[in-house]
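Here is how the chains run, residue by residue.
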Amino acid sequence: MQAQLGDLAIRFGCEVVGDPATVVTHVATLANADSESLSFFSNPAYREELKRTRAGAVVLREADAKDCPVPALLAEEPYLAFARIATLLHPPEVLPPGRHASAVVDPSAEVDASAHIGPHAVIGPRATVGAHAAIGPNAVVGPRCRVGAYTHLHANVTLVQDVVLGERCIVHPGAVLGSDGFGNAPSDTGWVKVPQIGGVRIGDDVEIGANTTVDRGAIEDTVIENGVRLDNLIQIAHNVHLGEHTAMAALSGISGSTIVGRRCMFGGQSGVVGHITICDDVVVGGATMISKDINEPGFYTGSFPAEKDKVWKRKVARFRRLDELARRVRALEGGEQES
Amino acid sequence: MQAQLGDLAIRFGCEVVGDPATVVTHVATLANADSESLSFFSNPAYREELKRTRAGAVVLREADAKDCPVPALLAEEPYLAFARIATLLHPPEVLPPGRHASAVVDPSAEVDASAHIGPHAVIGPRATVGAHAAIGPNAVVGPRCRVGAYTHLHANVTLVQDVVLGERCIVHPGAVLGSDGFGNAPSDTGWVKVPQIGGVRIGDDVEIGANTTVDRGAIEDTVIENGVRLDNLIQIAHNVHLGEHTAMAALSGISGSTIVGRRCMFGGQSGVVGHITICDDVVVGGATMISKDINEPGFYTGSFPAEKDKVWKRKVARFRRLDELARRVRALEGGEQES
Amino acid sequence: MQAQLGDLAIRFGCEVVGDPATVVTHVATLANADSESLSFFSNPAYREELKRTRAGAVVLREADAKDCPVPALLAEEPYLAFARIATLLHPPEVLPPGRHASAVVDPSAEVDASAHIGPHAVIGPRATVGAHAAIGPNAVVGPRCRVGAYTHLHANVTLVQDVVLGERCIVHPGAVLGSDGFGNAPSDTGWVKVPQIGGVRIGDDVEIGANTTVDRGAIEDTVIENGVRLDNLIQIAHNVHLGEHTAMAALSGISGSTIVGRRCMFGGQSGVVGHITICDDVVVGGATMISKDINEPGFYTGSFPAEKDKVWKRKVARFRRLDELARRVRALEGGEQES
């Protein structure tokens, strides 16, 4: 794919600085770009790379154009404009329609003729696969699952059963959707499994990372709304509800029945307890645990930055003697009551 | 499946309030139940839903019967009784006996005629699959593994080798049992792999979550006793020993050679260092790290609840100056020695 | 496999105590060894087991030989010597050359005649599999991936595309290499996916644990250098660079574009934010979050050991009132300014 700057400017609402006939064919970093590369600049830490870049053109803010030695596309949001142009230059691979001879498709399944079914894929009873959808090699679509149009399940993905995926979703390899929730009732002789009979409902334009797990609901469904982004190795427990456009980084987890609002963002290794509600527009820091309802948008954290082990251990020891320190302050104050 | 309240009461040791001929056919939440639904009430947060429910019947404690507008089954432990009745109403799917034509079964493997072997499953040399066991699509049972009667491996599960699973276990998709432990000896030229030659021994009635990993032992076996419950994305390292009925929530991990007692419970994202011993009946909070032996049953925690970022950062800054604060208190006390 | 102590001593640079004609055939723990077992002793916690062992021989330091009731091999680094001898006694299984009839190999792929391709494996377009490499059952090697000589992909591994693996690597089951990085640009209508077009480059002698994920680079490659060791369930984000011989324990994660030096070690459940640099020879404790550059080798931690819940909650309450305590100290000091 190749494009002229002038055409890109019209298509994506940018302004050209330099020759609009400049041709770019691919994206590259500022440091390693060549004369046919499109690059972008938004993080000031890379200003020296910008000044020395040999890119064909750079997407950047108007205020940064003075440091750019090559043609530029001016955009209010350079990263967003870059994302869109990069998608044009590097379109996702389109997999050919048809079923590989080794795929196993249940006679009761409905697979659109335009869908791609990869080698060794398994499509179970009463499952449906929509137009232009793609099922990767060794992926499994269990009973009664529905895969929407243009949705792509990568290799080794498992939809267990009763999972409904909307359109244009991407599920990366190894992800498991629709596994049983963790429901166990204690008894005198050990845990009794609580049957998990709900499904998973996932909206349109959702992306789910590699080896991430989304459990089916206990009775009703686990729900992931349109536009949600889940990174790798995330746990979404039974009956969680994730609002539109919420994004979570790797190794984070949401416990059962918790409701998360729209446009929330979770840092890596963050966690949320079960049965609580988090409102829209909440940002949670990395390695942070949320243990109760959040009713106000904003940025919440609860993690400590690391220090040299010896220094850290000294602080932890102080922390452990805080009670004593407080008593000594009270004594100095001459008080008798705990404050 | 359908059942009359009177029959359920006899079978599960409950008492009926209302018409014992009331028929229920499925379970539902209090809010969404219809006249053929069985629901349950145990969490007081849902009392208003109880008062408005249109369920056919509700399982609850005698003390709550006054708030129930429909027939009820009284039970000391409503969640437990509900789990058992729900299993009757929604029995797990029974997979038909026989091998799918696409499955690859080594000639030296022994597969019971009543077992189900799904599409593209692979059964390795000298493996055994017991009566009524089920091996899901694309699952792999490696050399010398033994799958007990009525045990169900879901899709894309891997038993690497020398994994012995008892009866009535459930292993959810993507779980890996029997992978090499993380054994590395440092040398002048880098890490030298320490051969991992042990196996994994798993008792009866164990449930293992999606994408959870259980490593084989270095020399002797990794052991998981009867009735253990592991949620999704959990790491069990080599030579760990988990006692009967211990349960762990998602994203938690136990490091190598640690021995965990019976009936312990671990919150999500909790972790335990290696080579320690945890006694029976220990409960570990979420996001908590256990770094030394625990010899006394009880509830242990070590995590901080999140706060608004600005407030939290101020507290962290205070924490980092605790030494200084302690020095100032000592100065006020007129002391010269650190307490 | 069997070996005489005298031969082992010559081959691995040890010294024999006792009869050099002693034959060992396998490794065992001190406690469960028999007369043909080789065991090792390096952790003083096991000294009583050493004194009572019935092993054929024990690898240990010269200083410990006095407590050994059986023949011994003296080594400066007993664990390292043991690792090497154990590899001799228990060599990794060699899988036979050839393709299983059920494997699907693209006509444009190049597979060495000495390589093993297991049942239901899928080898994609323009992929290459080197001499004596092994591709496990149900593993997927995507387009343009290169698997080096003697490298072993276990069952259900996925190489998505453009993943280059060096020689003698081991990738454990369920690992996913080359999945899209988590690149999303915010827009008024939700997240816009940033195309991920880089690959993954992995050196020689790298070991990657079960269900671990390594994302492809956004533009340039994600890089893992020679000799790196990754445990299970680890997340390596796009454009991370891991230096030679760095080792990470389970459930840890490195965020995007972070550069990690050589010979670093990360404890379980540790995490590193994105876009930072960590120098060589850094050790990070378990459950520790690294939030900024580290320029000095050493041991860094940031986690709190757990305590009984009641005790811990009291300390957390104190922590939350630190500001107030500091104000009271200032008042006692008669000061008006915050220190």
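Quick summary incoming for the structure in this document.

The rules behind the values
- Residues numbered from 1 in each chain as written.
- Chains lettered and ligands numbered in written order.
- Predicted model: local features only at pLDDT ≥ 70, side-chain atom pairs only at ≥ 80, totals over all residues.
- Heavy atoms only, no water.
- Least-squares fit on C-alpha atoms with pLDDT ≥ 70 in both.
- Contact = heavy atoms within 4.5 Å.
- Buried area = accessible area lost by both parts, 1.4 Å probe.
- Salt bridge = Lys/Arg side-chain N within 4 Å of Asp/Glu carboxyl O.
- Polar contact = N/O pair within 3.5 Å; in protein donor to acceptor, adjacent residues only side chain to side chain.
- Helix = DSSP H or I, 4+ residues; strand = E, 2+ residues; numbered from the N terminus.
- Patch = residues over 30% accessible without salt bridge, like charges linked within 9 Å, V, L, I, M, F, W, Y side chains within 5 Å.
- Areas by Shrake-Rupley, 256 points an atom, 1.4 Å probe, with all protein chains shown as cover.
- Lys, Arg positive; Asp, Glu negative; His and termini not counted.
- Charge placed at Lys NZ, Arg CZ, Asp CG, Glu CD.
- Axes fitted to C-alpha atoms, helices over the stretch in contact; angles between N-to-C directions.
- Parallel < 35°, antiparallel > 145°, perpendicular 65-115°, else oblique.
- Nonpolar A, V, L, I, M, F, W, Y, C, P; charged D, E, K, R; others polar.
- Pairing = 2+ DSSP bridges.
- Buried < 20%, exposed > 50% of the residue type's maximum accessible area, 1.4 Å probe, protein only.
- Arc of directions from axis to C-beta.
- Phe/Tyr/Trp six-rings, centres within 6.5 Å; stacked < 30°, edge-to-face > 60°.
- Expected span 1.5 Å × (residues − 1).

Quick notes on the relation of the copies chain A and chain B
Expressed as a screw operation, the relation of chain A to chain B combines 0.0 Å of axial shift with a rotation of 120 degrees, fitting to an RMSD of 0.0 Å. Taken together, the rotation angle and the small translation identify this as a three-fold axis.

Observations concerning the interface of chain A and chain B
Taken together, the 74 residues of chain A in the interface contact 66 residues of chain B. Buried area between chain A and chain B, both sides added, is near 5700 Å², and the carbon and sulfur share of it is 62%. Contact with chain B buries surface across chain A, with A:F182, A:W191 and A:R318 losing the most and accounting together for 13% of the total. Viewed at the interface, chain B and chain A are joined by six salt bridges. Between B:R320 and A:E307 there is a salt bridge; the shortest N-O distance is 3.5 Å. Where chain A packs against chain B, one counts 27 residue pairs in polar contact (both at pLDDT 80 or more). The set of elements that each furnish at least two residues to the side of chain A that touches chain B consists of β21 (176-179), β22 (184-187), β23 (190-193), β26 (213-215), β38 (289-290), β39 (298-301), α4 (309-320) and α5 (322-333) of chain A.

Observations regarding the side chain of C:D309
Along the chain, the position of C:D309 falls in helix α4 (residues 309-320). One polar contact links C:D309 to C:K313, side chain to side chain, over a distance of 2.7 Å.

Some details on a negative patch on the surface
On the surface, a cluster of negative charge is contributed by A:E15, A:E62, A:E76, A:E77 and C:D188. For A:E76, the location among the structural elements is in the loop between β7 (72-74) and α3 (78-89).

Some words on the packing of α5(A) against α4(C)
Helix-helix packing is described using two parameters, namely the angle between the two axes and the distance between the axes. Two elements in contact, α5(A) and α4(C), have axes whose closest approach is 9 Å; the angle formed by their N-to-C orientations is 50 degrees. With respect to α4(C), the axis of α5(A) lies oblique. Of α4(C), the residues touching α5(A) (which contributes A:L322, A:D323 and A:A326) are C:R314, C:K315, C:R318 and C:F319. Among the residues forming the contact of α5(A) with α4(C), the class breakdown is three nonpolar, no polar and four charged.

Digging into the sheet that holds strand β32 (residues 253-254) of chain C
Strand order in this open sheet of ten strands is β9-β12-β15-β18-β21-β26-β29-β32-β35-β38 (chain C), and the pairing throughout is parallel. Each edge of the open sheet carries a strand with a single partner, namely β9 (104-105) and β38 (289-290) of chain C.

Observations regarding the interface of chain B and chain C
Across the boundary between the two partners, chain B contributes 74 residues, which contact 66 residues of chain C. For the chain B and chain C pair, buried surface summed over both sides reaches about 5700 Å², with 62% attributable to carbon and sulfur atoms. Considering only the surface of chain B that becomes buried against chain C, B:F182, B:W191 and B:R318 emerge as the three largest contributors, covering 13% of it. In this structure, the connection of chain B to chain C is made through six salt bridges. We note a salt bridge from C:D323 to B:R314, for which the minimum N-O separation is 2.3 Å. There are 27 residue pairs in polar contact (both at pLDDT 80 or more) connecting chain B and chain C. Sorting the residues of the side of chain B that touches chain C by element identifies β21 (176-179), β22 (184-187), β23 (190-193), β26 (213-215), β38 (289-290), β39 (298-301), α4 (309-320) and α5 (322-333) of chain B as the ones contributing at least two each.

Structural notes on helix α1 (residues 5-12) of chain B
Residue and element names in this part refer to chain B. Listed as buried for α1 are L5, G6, L8 and A9. When α1 is viewed along its axis, its buried side chains cluster within an angular range of 165 degrees and face the same direction. Counted as exposed and oriented over 90 degrees from the buried face of α1: I10 and R11. G13 lies just past α1 and shows a positive phi near 70 degrees.

Focus: the sheet that holds strand β8 (residues 98-99) of chain C
With mixed pairing, the twelve strands of this open sheet are ordered in space as β40(A)-β39(C)-β37(C)-β34(C)-β31(C)-β28(C)-β25(C)-β20(C)-β17(C)-β14(C)-β11(C)-β8(C). The sheet is open, and its two borders are formed by β40 (307-308) of chain A together with β8 of chain C, each paired with just one other strand. Of the pairings in the sheet, the one linking strand β37 (residues 282-284) of chain C to strand β39 (residues 298-301) of chain C comprises three bridges and is parallel in character. Within β39(C), the residue paired with C:V282 across the bridge is C:G298.

Thoughts on the pairing of β39(C)
As defined by bridge partners, β40(A) adjoins β39(C) across two bridges and the pair is classed as antiparallel. Paired with A:E307 across the bridge in β39(C) is C:T301.

Re the packing of aromatic side chains
A complete count under the given rule lists 27 aromatic pairs over all chains for this structure. Here the aromatic cluster, defined as three or more aromatic residues joined through ring pairs, consists of A:F304, A:W312, A:F319, B:F304, B:W312, B:F319, C:F304, C:W312 and C:F319.

Let's talk about the environment of A:H275
Tracing the backbone shows A:H275 in the loop between β35 (271-272) and β36 (277-278). C-alpha of A:H275 to C-alpha of A:D293: the two residues are 18 residues apart in sequence and 8.9 Å apart in space. When neighbours within four sequence positions are excluded, A:H275 is seen to be in contact with A:G256, A:S257, A:T258 and B:Y46.

Describing α4(B)
Compared with an ideal rise of 1.5 Å per residue, which puts twelve residues at 16 Å, α4(B) spans 16 Å between its outermost C-alpha atoms and is within 8% of the ideal. All of the buried residues in α4(B) are B:D309, B:W312, B:K315, B:V316, B:R318 and B:F319. The secondary structure elements touched by the buried residues of α4(B) are β39 and α4 of chain A, β40 (307-308) and α5 of chain B together with α4 and α5 (322-333) of chain C.

Comments concerning the pattern of salt bridges
If you walk through the whole model with that rule in mind, you get 74 salt bridges over all chains. Its salt-bridge partner being A:D280, residue A:R262 comes within 3.1 Å of it at the nearest N-O pair. In this pair, A:R262 is assigned in the loop between β33 (259-260) and β34 (265-266) and A:D280 in the loop between β36 and β37 (282-284), connecting sequence segments 18 residues apart. Taking the relative accessible area as the measure of exposure, A:D280 reaches 23% and is therefore partly exposed. Between B:R328 and B:E324 there is a salt bridge, and its shortest N-O distance comes to 3.3 Å. With a gap of four residues between them, B:R328 and B:E324 both fall in helix α5, about one helical turn apart. One salt-bridge network, held together by shared partners, links A:R144, A:D162, A:D180, A:K193, A:R216, B:E207 and B:R229.

Structural notes on the pairing of β21(B)
Residue and element names in this part refer to chain B. Relative to β21, strand β18 (residues 158-159) is paired through two bridges, and the arrangement is parallel. Residue pairing for β21: T158 is matched across the bridge by V176. In the sheet, β21 pairs with β26 via three bridges, with the strands oriented parallel. In the strand pairing of β26, L177 is matched with V214.

Read these as spatial facts, not as claims about activity.
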